[in-house]
Amino acid sequence: MNRKTLALSLALAAIGLVQAAAAETAGDTYKAKCAMCHGADGTGNTPAGKAMKARDFHDADVVKASDADLIGAITKGKNKMPAYGAKFTPDEIKGLVAYIRTIQK
Ligand code: HEC
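Please read all numbers here as calculations on a predicted model, not as lab measurements. (Residues numbered from 1 in each chain as written. Predicted model: local features only at pLDDT ≥ 70, side-chain atom pairs only at ≥ 80, totals over all residues. Heavy atoms only, no water.)

Student: Break down the layout of surface pockets for me, citing the residues and quoting the values.
Tutor: Of the volumes computed, that of the largest pocket is approximately 670 Å³. Along the wall of the largest pocket there are 27 residues; nearest its centre are His38, Phe57, Ala73, Lys78 and Met81. When contributions to the lining of the largest pocket are tallied by element, the ones reaching two or more residues are helix H1 (3–38), helix H3 (60–64), helix H4 (67–76) and helix H5 (90–103). The element contributing the most residues to the lining of the largest pocket is H1, with six residues. Of the residues that constitute the lining of the largest pocket, the class distribution is 18 nonpolar, two polar and seven charged. (1 Å grid on protein atoms, 1.4 Å probe; cavity = no way out; pocket = protein on both sides within 12 Å on 5 of 7 lines; lining within 4 Å. Points joined across faces, edges and corners; volume = space filled by probe spheres on them. Helix = DSSP H or I, 4+ residues; strand = E, 2+ residues; numbered from the N terminus. Nonpolar A, V, L, I, M, F, W, Y, C, P; charged D, E, K, R; others polar.)

Student: Report on the pattern of salt bridges, specifying residues and quantitative values.
Tutor: Between side chains of opposite charge, a pair can form as their charged atoms come close. Per the counting criterion, the structure on display carries four salt bridges. Arg55 is the partner of Asp61 in a salt bridge, and the nearest nitrogen-oxygen pair spans 3.4 Å. The class for Asp61 is partly exposed, based on a relative accessible area of 46%. Salt-bridge contacts for Lys94 lead to Asp91; the nearest nitrogen and oxygen are separated by 3.9 Å. (Salt bridge = Lys/Arg side-chain N within 4 Å of Asp/Glu carboxyl O. Buried < 20%, exposed > 50% of the residue type's maximum accessible area, 1.4 Å probe, protein only.)

Student: Requested: an account of the coordination of the iron atom of the ligand, with residues and values cited.
Tutor: Perfect tetrahedral coordination of a metal by four donors corresponds to 109.5 degrees between them, and perfect octahedral coordination by six donors corresponds to 90 or 180 degrees. At the metal site, the iron atom of the ligand is ligated by His38 (NE2) and Met81 (SD), and these contacts range over 1.9 to 2.0 Å. Here the iron atom of the ligand is ringed by six donor atoms whose angles at the metal span 87 to 179 degrees, and the overall shape comes out octahedral. Residue His38 is located in helix H1, and its partner Met81 is located in the loop between H4 and H5; the two are separated by 43 residues in the primary sequence. A relative accessible area of 12% places His38 in the buried class. Met81 sits in the partly exposed class, given a relative accessible area of 23%. (Donors = N, O, S within 2.8 Å, 3.2 Å for Na, K, Ca; no water. Tetrahedral: all angles 85-135°; square planar, octahedral: opposite > 155°, others 65-115°.)

As structure tokens, this is what we get:
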């Protein structure tokens, strides 16, 4: 491996670490702020989730919904779902949607 390829692979490794850290932060945020209603597994099978009729993230409708729809629900709120547009940056909200996509599987 020459110096250039070494530098390139180090840079790629660093990007990988940053992305992993971002995903972890979204997961932590989800557990701290969203799981009480949506459940750690996204089923909404919690006392608050059931009382407010939080939909299971595995529901076909939610799986089919575009990222923009989910971003909109988180940013602006939806019925009993609180609006988080003032609490998180658009990037953090995108990260939360990416995290929801991982638990939908
Ligand atoms: C107080 C309970 C509560 C909390 C906390 C909460 N949600 Fe929700 N959320 C709901 C309810 C209830 C709905 C269903 C709204 C509807 O369709 O009537 C919902 C809907 C959603 C939807 C749209 C999917 C759908 O069912 O249409 C997304 C995405 C979502 N929540 C993400 C989040 C994220 C991310 C967080 C944390 C930042 C969060 N929620 C925190 C109650 C909550």
